[in-house]
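Spelled out, the chains give:
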Amino acid sequence: MVIRIDNIENIGEAAKTFIQAIGENKIFAFYGKMGSGKTTFIKAICEQLGVEDVITSPTFAIVNEYNYNDNSISNTIYHFDFYRIRRIEEVYDMGFEDYFYSGALCFIEWPELIEDLLPIDAVKVKINAIDDNTREVTIEE
C-alpha cells in the first residue's frame, strides 16, 4: 500500500489512512533517509490516535512512551530511534524484548541498525521524499 502526502497540511489524513491499514499489526519499522519525515509522520499517527503528550524524536532517550485511550482502554505506544546505537549490546541492555513483545504499538526509526532483532512480523514502512513537500509512504508486509 502506498500513501501519498502532497504537503504537510494533509499529513493528518495520511496518518488516518495508515491507522486504518495497520490491522492487528503492532511493530512498525520506519525506513527512510535523514529528513525524509519519519518522526513527523509518527507524530501525526500518534496525534490521530489521541496522544496528548508532547511527541518528539527519542534520539537521545532511544525510546519515548506515549499513552492514548481507545474506547476507554488505555493503550501504549513505544517510539524508538536507534540512530545513535553504536553496539547491538546497547539494545539488549535497554531490554528491547520487553517493549517489542509487550503487545503495545512500536514505531521504530532507523531499524536498519537492529534488523536482526526485529520480530518476524514487523511491518516495514518506507518513507521516500519525492520533493521538498511530497512524501510517499509504502507499507510492506
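One can find the structure itself at the top, above this paragraph.
What you are looking at is a predicted structure, and each value in this text was computed from that prediction instead of being measured.

*Asks:* I keep staring at the environment of Tyr-92 and nothing clicks. Help me out?
*Replies:* Relative to the helices and strands, Tyr-92 resides in helix α3 (residues 88–93). Residues Tyr-92 and Leu-117 lie 25 residues apart in sequence; the distance between their C-alpha atoms is 9.3 Å.

*Asks:* Even after reading the chapter, I still don't get the packing of aromatic side chains, so can you show me in this structure?
*Replies:* Each aromatic ring pair is summarised here by two numbers: the centre-to-centre distance and the angle between the ring planes. Tallied over the entire structure, the rule returns twelve aromatic pairs. On the basis of an interplanar angle of 80 degrees and a centroid distance of 5.4 Å, the ring pair of Tyr-92 and Phe-96 is categorised as edge-to-face. For Phe-96, a relative accessible area of 4% translates into the label buried. One aromatic cluster is present, built from ring pairs that chain together Tyr-78, Phe-80, Phe-82, Tyr-92, Phe-96, Tyr-99 and Phe-100.

*Asks:* I'm lost on helix α2 (residues 38–49) in this one. Help?
*Replies:* Quick reminder: α-helices carry 3.6 residues per turn. Residues three or four places apart thus point the same way. A rise of 1.5 Å per residue sets the reference length of α2, with its twelve residues, at 16 Å; its end C-alpha atoms lie 17 Å apart and thus fit the reference within 8%. Where α2 is concerned, the buried positions are Lys-38, Phe-41, Ile-42, Ala-44, Ile-45, Cys-46 and Leu-49. Positive phi shows up at Gly-50, right after α2, with a value of about 105 degrees.

*Asks:* I tried to follow the environment of Gln-48 on my own but got confused; where do I start?
*Replies:* For Gln-48, the position within the fold is in helix α2. Exposure remark for Gln-48: the relative accessible area of 35% places this residue in the partly exposed category. Taking the C-alpha atoms as reference points, Gln-48 and Tyr-68, separated by 20 residues in sequence, lie 10.0 Å from one another. Apart from the residues within four sequence positions on either side, Gln-48 is in contact with Gly-12, Ala-15, Lys-16 and Ile-19.

Basis of the calculations
Residues numbered from 1 in each chain as written. Predicted model: local features only at pLDDT ≥ 70, side-chain atom pairs only at ≥ 80, totals over all residues. Heavy atoms only, no water. Helix = DSSP H or I, 4+ residues; strand = E, 2+ residues; numbered from the N terminus. Phe/Tyr/Trp six-rings, centres within 6.5 Å; stacked < 30°, edge-to-face > 60°. Buried < 20%, exposed > 50% of the residue type's maximum accessible area, 1.4 Å probe, protein only. Expected span 1.5 Å × (residues − 1). Contact = heavy atoms within 4.5 Å.

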